[in-house]
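Fold and contact review
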Amino acid sequence: MNLINKKNNYLNLITNIENLLNQEQYELSLLANAASLIKEYVLNTNWVGFYLLKDNLLILGPFQGRVACNPIIVGSGVCSHSVLQKETIVVKDVHKFVGHIACDEQTNSEIVVPIFINNRIYGVLDIDSKSFNRFSKLDKYYLEQIVGIISSHIKRIQLQSEVKSLI
Ligand code: SME
């Protein structure tokens, strides 16, 4: 796929994810359907999913792919690195990343995007590929946009449930 097609593919994903999440009322369902849609659009990936930060652990959330490591103690692995650095981590070759946690030995590259809610880390979106150097600046740019959309909908759902609990 060339750059223009990749960009258009991400724009379609953004339109679809916005439509899907607009109607969502439940946080867990939102994450589950978001993982499914991202897996469908972001090609050449073998794992797409969420880890959610609870105390000092990253707990496995909804995902598409093979059984994954759970929980991850914050401090080890690419996901933790993203949480601690508060930024997206792109790993061209996971075998060269010290501390990488190999849930699936077929994975060769990875991207982890932190999810912020009210300026605090809520969790991460983690995507793996069997190809080396799968994730480019374009992937990082659009996946950060997508995580922004997911985050704004989680915030909306959390606010709605807060309001409901007050009535
Ligand atoms: N490789 C990740 C662990 C999660 S799996 O890739 C699904 C890490 O090093 O944090």
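Refer to the structure printed above.
Residues numbered from 1 in each chain as written. Predicted model: local features only at pLDDT ≥ 70, side-chain atom pairs only at ≥ 80, totals over all residues.

1. With respect to the overall build of the protein
Each helix and strand counted, the protein has four helices and six strands in total. Each helix and strand of the protein, placed in order from N terminus to C terminus, yields the pattern α-α-β-β-β-α-β-β-β-α. Taken over the C-alpha trace, the protein has a radius of gyration of 16 Å; the compact-globule value for 167 residues is 15 Å, and the two agree within 12%. Judged by the C-alpha coordinates and their principal axes, the protein covers about 55 × 40 × 25 Å. Looking at the protein as a whole, 32% of its 167 residues are labelled buried. Taking contacts inside the protein between residues at least 6 apart in sequence as the whole, the part at least 24 apart equals 53%. (Helix = DSSP H or I, 4+ residues; strand = E, 2+ residues; numbered from the N terminus. Rg over C-alpha atoms; globule rule 2.2 N^0.38 Å. Buried ≥ 20, exposed ≤ 12 C-beta atoms within 10 Å, placed from the backbone. Contact = placed C-beta atoms within 7 Å.)

2. Observations regarding the nonpolar core
With 35 residues, the main nonpolar core has Ala34, Cys79, Val124 and Leu125 as its most contacted residues. Those residues in contact with Cys79 that lie beyond four places of it in its chain are Tyr51, Leu58, Ile72, Val112, Val124 and Asp126. (Core = buried A, V, L, I, M, F, W, Y, C linked by C-beta atoms within 7 Å.)

3. Notes on the site of the ligand
Inspection of the region around the ligand gives 13 residues, with Gly77, Val78, Cys79, Ile101 and Cys103 positioned closest. Sorting elements by how many residues they give to the shell around the ligand places helix α3 (residues 77-85) first, with three residues. Grouping the constituent residues of the shell around the ligand by class yields eight nonpolar, two polar and three charged. (Near = placed C-beta within 6 Å. Nonpolar A, V, L, I, M, F, W, Y, C, P; charged D, E, K, R; others polar.)

4. Thoughts on α3
Extensive coverage of α3 is indicated by the burial of seven of its nine residues. The complete set of buried residues in α3 reads Gly77, Val78, Cys79, Ser80, His81, Ser82 and Val83. Looking at the buried positions of α3, the neighbouring elements they touch are β1 (47-54), β2 (57-65), β3 (72-73), β4 (89-91), β5 (109-117) and β6 (120-129).

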